[in-house]
Amino acid sequence: MQEGFIDYQKVLNNEEHAIKSTQSVIQKAVDWFRSKSMFVLAYGTGCGAIEMPPTFTSRYDIERLGVVGVATPRQADILIVSGYCSYKTLKRVIRSYEQMNEPKFIIALGSCTINGGMYWDSYNTIKRLEDYIPVDMFVNGCMPRPEALIEGFVKLQDNIKNAKKEAGYIKYRENNEFYKANQKKIFGDNIEPSYEANFEGMNR
Amino acid sequence: MIESLKQQYNIEQKESRLFKLIIKKEEFLKTLSFISSSSNFITLSQIACADWIEDEIFKLNYILTTKERDKNLMIELEIPREESKLPTLLNFFPQAEVMERDLHEMYGIEFIGNPTLYDFALENWKEIPPMRREFDTLAYVNEHFDFRKGREDNRDVKVEIKRRRAEAKRLKNANK
């Protein structure tokens, strides 16, 4: 192996990550297949979106791990919340997340999704993303390099494959009142985004 | 072209390419319409606003650019913070629409005649406009968000930096 490169598949197949949970054989197989084909919604919320093109294109080429970008939430498995999330963006994030089919996972990229980052005193930016939607994997840094994002993907693959953690979508289903109450706290009664654009008076 | 304007108005040259004109609120529309129609300052590139809460005024800077992009003209005027109203510039500079909408949202300035003064970047904002200086950002954040607790073993960064600097200084003096 060339110096400076990490063999991610070797990390993934490491013996310390051997299956310890009580999955059935079929479930094991399904989870293995699932971890090898992750469809990522092509959606960027903040400045972190700039790290995603090199991750997906020839420089880092994450497609070798089975991670592919798709265009619509209906086809996607993974939503990357890349960077700070304002009120207005969060509404769209929630809307996209709720449209995705299960199983679905969220990767939160950057410090801003963890504790607000450099926007800790901003009137318009949320501080902790996992209050509003369940996050499966945090990647910290400001900004995280594509290597960090790839490591996040590999860890998430590991979690999925070995059923190590309870998946976020199950949490969202079971504790839906908690998430909806938090969303209501900042949106008021306008949780559902209205997509009717008001073009009144603009027909000049 | 700037020479002909200089005959009309008291224009001050700030830099080689930057000119400044201070006007009163009453002659705002008249001046802007004259400049837009009879000079080559045809682009409104920016409207800048500063909140001078001590003097109870907003200072607005309309920055115009020539067709050749070689000269900028700043037109400065003051408006009172209370009842901050101005006529819109849509008739002379159509690109003012978004800038005025932004200023209305962030400072609460009302542009009479602009039909697009509804929500822009902030949705359902019910507080006072956030860029006004009486808006207490920190109080708002503390009220609306929970902060994550730091790690138990976290250290004060400033103390650590001070310690390292003192250490470096001590080493430097010792080497001398």
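Computed from a prediction, not measured in an experiment: that's the story for all the values here.

Draft legend 1. Structural detail: the overall build of chain A. A count of helices and strands for chain A gives 8 helices and 5 strands. The secondary structure elements of chain A, listed N-terminal to C-terminal, are α-α-β-α-β-β-α-β-α-β-α-α-α. Looking at chain A as a whole, 46% of its 204 residues qualify as buried. For chain A, long-range pairs separated by at least 24 residues make up 79% of all intrachain contacts whose partners lie at least 6 apart in sequence. Carbon and sulfur atoms make up 52% of the accessible area of chain A, which totals about 10,800 Å².

Draft legend 2. Focus on the pairing of strand β2 (residues 18–22) of chain B. With 4 of 5 residues buried, β2 of chain B lies mostly within the body of the structure. Connecting strand β1 (residues 12–13) of chain B to the next strand, β2 of chain B, in antiparallel fashion are 4 residues.

Draft legend 3. Up close: the interface of chain B and chain A. In this assembly, 24 residues from chain B lie in contact with 26 residues from chain A. Counting the surface lost from both chain B and chain A, the interface buries some 2,100 Å², and carbon and sulfur atoms represent 52% of this. For the chain B face of the interface with chain A, the top three residues by lost area are Glu123, Phe145 and Arg148 of chain B, together amounting to 30%. At the boundary of chain B and chain A, one finds 2 salt bridges. Note that Arg92 of chain A and Glu123 of chain B form a salt bridge whose closest N and O atoms lie 3.2 Å from each other. Summed over the shared surface of chain B and chain A, the number is 4 residue pairs in polar contact (both at pLDDT 80 or more). Counting residues per element, the ones that place at least two in the side of chain B that touches chain A are α3 (96–107) and α4 (137–144) of chain B.

Draft legend 4. Summary view of the layout of surface pockets. Taken as a whole, the second largest pocket holds about 410 Å³ of empty space. Residue lining of the second largest pocket: Ile114, Asn115 and Trp120 of chain A together with Phe147, Arg148, Lys149, Gly150, Arg151, Asn154, Arg155, Asp156 and Val157 of chain B, and that is the complete set. A per-class count over the lining of the second largest pocket returns 4 nonpolar, 3 polar and 5 charged.

Draft legend 5. View of the side chain of Arg132 of chain B. All names here are of chain B. Along the polypeptide, Arg132 turns up in the loop between β7 (110–112) and α4. In terms of polar contacts, Arg132 uses its side chain to reach the backbone carbonyl oxygen of Arg81, at 3.3 Å. Within the structure, Arg132 has its side chain in polar contact with the backbone oxygen of Tyr107 (distance 2.8 Å). Among residues more than four places away in sequence, those in contact with Arg132 are Asp51, Phe58, Arg81, Ser84, Met106 and Tyr107.

Draft legend 6. Examining the packing of aromatic side chains more closely. Scanning the entire structure with this criterion turns up 16 aromatic pairs over all chains. Seen from their ring centres, Tyr97 of chain A and Tyr172 of chain A are 5.3 Å apart, and the 85 degrees between their planes marks the pair as edge-to-face. Within this pair, whereas Tyr97 of chain A is found in helix α4 (residues 87–99), its partner Tyr172 of chain A is found in helix α7 (residues 168–174), the two being separated by 75 residues in sequence. Plain terms: the ring middles of Phe28 of chain B and Tyr62 of chain B are 5.2 Å apart, the flat faces sit at 50 degrees to each other, and that makes the pair tilted.

Draft legend 7. View of a negative patch on the surface. A contiguous patch of negative charge on the surface is contributed by Asp55, Glu56, Glu78, Glu82 and Glu83 of chain B. Positionally, Glu82 of chain B belongs in the loop between β5 (72–80) and β6 (85–87).

Draft legend 8. Structural context of α3 of chain B. All names here are of chain B. End to end, α3 covers 16 Å across 12 residues, agreeing with the expected 16 Å (1.5 Å per residue, within 8%). Taking burial as the measure, the 12 residues of α3 include 9 buried ones, the bulk of the element. What α3 keeps buried is the set Ala96, Glu97, Met99, Glu100, Arg101, Leu103, Glu105, Met106 and Tyr107. Summarising the contacts, the buried residues of α3 are in contact with β3 (41–52), β4 (57–66) and β7. Phi turns positive one or two residues past the end of α3, at Gly108, with a value near 80 degrees.

Conventions and cut-offs
Residues numbered from 1 in each chain as written. Chains lettered and ligands numbered in written order. Predicted model: local features only at pLDDT ≥ 70, side-chain atom pairs only at ≥ 80, totals over all residues. Heavy atoms only, no water. Helix = DSSP H or I, 4+ residues; strand = E, 2+ residues; numbered from the N terminus. Buried < 20%, exposed > 50% of the residue type's maximum accessible area, 1.4 Å probe, protein only. Contact = heavy atoms within 4.5 Å. Areas by Shrake-Rupley, 256 points an atom, 1.4 Å probe, with all protein chains shown as cover. Pairing = 2+ DSSP bridges. Buried area = accessible area lost by both parts, 1.4 Å probe. Salt bridge = Lys/Arg side-chain N within 4 Å of Asp/Glu carboxyl O. Polar contact = N/O pair within 3.5 Å; in protein donor to acceptor, adjacent residues only side chain to side chain. 1 Å grid on protein atoms, 1.4 Å probe; cavity = no way out; pocket = protein on both sides within 12 Å on 5 of 7 lines; lining within 4 Å. Points joined across faces, edges and corners; volume = space filled by probe spheres on them. Nonpolar A, V, L, I, M, F, W, Y, C, P; charged D, E, K, R; others polar. Phe/Tyr/Trp six-rings, centres within 6.5 Å; stacked < 30°, edge-to-face > 60°. Patch = residues over 30% accessible without salt bridge, like charges linked within 9 Å, V, L, I, M, F, W, Y side chains within 5 Å. Lys, Arg positive; Asp, Glu negative; His and termini not counted. Charge placed at Lys NZ, Arg CZ, Asp CG, Glu CD. Expected span 1.5 Å × (residues − 1).

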